[in-house]
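If you want the building blocks of each chain, they are given just below.
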Amino acid sequence: MEFEQFYDDQEYILGKGLEKFEQEYAKFNQVDHAIGVGNGHDALFIILKCLGIGKGDEVILPAHTFIATALSIQNAGARPVLVDIDPDNLNIKPSAIEKSITKQTKAIVPVHLYGNPCDMEAILELAKNKNLVIIEDNAQAQGASFQHKKTGSIGLMNFTSFYPTKNIGALGDAGMITTNSKQFAEKAKVLRNYGKSMIGNYNLIGINSRMDELQARLLLVKLKYLDKWNHERMEIASIYESALREVDEIQLQSTLVGSNNVRHIFPVLYNKRDELTKFLHSKGIDTLIHYEKPIHLNEAFSFLNHKKSHFPIAEKVCASELSLPIYPGLRKEEVNFICDQIKWFISKN
Ligand SMILES: Cc1ncc(COP(=O)(O)O)c(C=O)c1O
């Protein structure tokens, strides 16, 4: 039905489906403007270009995130400055941010990793005192909130990704910039479309990164279900938490009081992670690792000259993290079975 309409309208790029999705997503995310782009990487790249952050500037981000966060900063010409994470909530640590601020620092990129909101109160305070811009990486936390504010609405310009596995995923690549600034929203629209202004002149060096109309129309339908799906994820997480909380060998991620974690991923930290993985796979339970290496230990970022042990918490998390199955539709009995298997393995090891 939607697909037939898409064909009939014959607007394959920057059509009314995208416009409608941008309006609906802005409403959902409690911001005035949403700008659909090709993917999350480009969203942050465009934001940095919008804000004039590039060569000679430093941007602070956690050492533990998906590599795209660091790549966007590097590709925009700025220097990614990594800092360690909090050992409990596994997000960027405000006191570590403070220590890394220099005269070149222009922005902080808190990543709401695994769906779990960062300590935005402390980060806002820091940014205010040091006159820095906040850009939230909300790729994993669509629908999450911190003290009643949706993540992705708190920074000056923020972004998300609709990579297929996200809490709301496209059938391909797609991303979104969110902001309350009319001026920056307009500039982002120009930059995503080759730098073409509203009246047709090419005034800026832009890129081609427009959200596909087809993806926008699909996401518009899926958006109606996002809160329900997030709720299902939270219910699954609470089963995991009550079953695994008493297992001393396992560490769970903590959530700050007053924040709503939308459980994109359910991570557990366990020092025999690889053995547990093998065991769970033998029982037909699929798991993943997010992520194998912190940013500084990837060869691509060796030029930052960090060594092993520079960010001990991020390194420890990468060496021990295991992502348990979590998705809407996963049944309560299945989650209980997974918990039983984990407990059995740990009792024998
Ligand atoms: C934390 C984080 N930042 C950025 C991105 C980049 O998004 P994309 O894959 O759409 O470029 C992703 C997802 O893939 C992500 O998880």
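Description of the structure in this document.

1. Points about the nonpolar core
Residues Ile46, Ile47, Leu48, Val59 and Ile177 are the most contacted members of the largest nonpolar core, which totals 85 residues. The element best represented in this core is helix H3 (residues 40-50), accounting for seven residues. Both of domain 1 (2-223) and domain 2 (226-348) provide at least three residues apiece to this core. Here Ile46 is in contact with Val37, Ile177, Ala188, Leu191, Arg192 and Ser209, once residues within four sequence places are set aside.

2. Notes on unusual backbone geometry
For the bond running from His290 to Tyr291, omega is 10 degrees, close enough to zero to count as cis. As for its position among the elements, Tyr291 is in the loop between helix H10 (273-282) and helix H11 (312-320). Even without a glycine there, the phi angle at Asn131 is positive, about 55 degrees. Structurally, Asn131 is set in the loop between helix H6 (120-130) and strand S5 (133-134). For Ser309, which is not glycine, the phi torsion reads 95 degrees and is therefore positive. Structurally, Ser309 is set in the loop between H10 and H11. Taking the number of C-beta atoms within 10 Å as the measure of exposure, Ser309 has 7 and is therefore exposed.

3. Remarks on the environment of Glu321
Of note, Glu321 is situated in strand S13 (residues 321-324). Considering only alpha carbons, one finds Glu321 and Val37, 284 residues apart in sequence, at a separation of 31 Å. For Glu321, the contacting residues outside a window of four places in its chain are Pro267, Leu269, Arg273, Ile289 and His290.

4. A short note on the site of the ligand
The immediate surroundings of the ligand are formed by 15 residues, with Asn39, Gly40, Ala68, Ala139 and Ser161 found nearest. Looking at the shell around the ligand, the elements with two or more residues in it are H3 and helix H4 (67-75). Along the lines of polarity and charge, the residues of the shell around the ligand split into five nonpolar, eight polar and two charged.

5. Some details on the sheet that holds strand S1 (residues 33-37)
Ordered in space as S1-S9-S8, the three strands form an open sheet in which the pairing is antiparallel. Where the open sheet ends on each side, the last strands, each with one partner, are S1 and strand S8 (157-161). Within the sheet, the average angular offset between the axes of one strand and its neighbour, ignoring direction, is 20 degrees. Pairing geometry for S1 and strand S9 (residues 175-179), over five bridges, is antiparallel. Its bridge partner being in S9, Ile35 is matched across the sheet by Ile177. Strands in contact with helix H2 (residues 16-28) are S1 and S9; relative to S1, the strand with the most contacts, it is inclined by about 135 degrees.

6. Digging into the sheet that holds strand S6 (residues 145-146)
The three strands are arranged S7-S6-S11 in an open sheet whose pairing can be described as antiparallel. What marks the edges here is a single partner per strand, and that holds for strand S7 (149-150) and strand S11 (259-260). Two elements, S6 and S7, share two bridges in a ladder whose sense is antiparallel. Pairing of Ser145 across the sheet is with Lys150, part of S7.

7. Quick look at H6
Listed as buried for H6 are Met120, Ile123 and Ala127. Seen along its axis, H6 keeps its buried residues to an arc of 65 degrees; they face one direction. Seen from the buried face of H6, the exposed residues on the opposite side, beyond 90 degrees, are Lys128 and Asn129. In this structure, the buried side of H6 is in contact with helix H5 (94-100), strand S4 (105-108), S5 and S6. Asn131 sits one or two positions beyond H6 and adopts a positive phi of about 55 degrees.

Calculation criteria
Residues numbered from 1 in each chain as written. Predicted model: local features only at pLDDT ≥ 70, side-chain atom pairs only at ≥ 80, totals over all residues. Core = buried A, V, L, I, M, F, W, Y, C linked by C-beta atoms within 7 Å. Buried ≥ 20, exposed ≤ 12 C-beta atoms within 10 Å, placed from the backbone. Helix = DSSP H or I, 4+ residues; strand = E, 2+ residues; numbered from the N terminus. Domains from an automatic or database assignment. Contact = placed C-beta atoms within 7 Å. Near = placed C-beta within 6 Å. Nonpolar A, V, L, I, M, F, W, Y, C, P; charged D, E, K, R; others polar. Pairing = 2+ DSSP bridges. Axes fitted to C-alpha atoms, helices over the stretch in contact; angles between N-to-C directions. Arc of directions from axis to C-beta.

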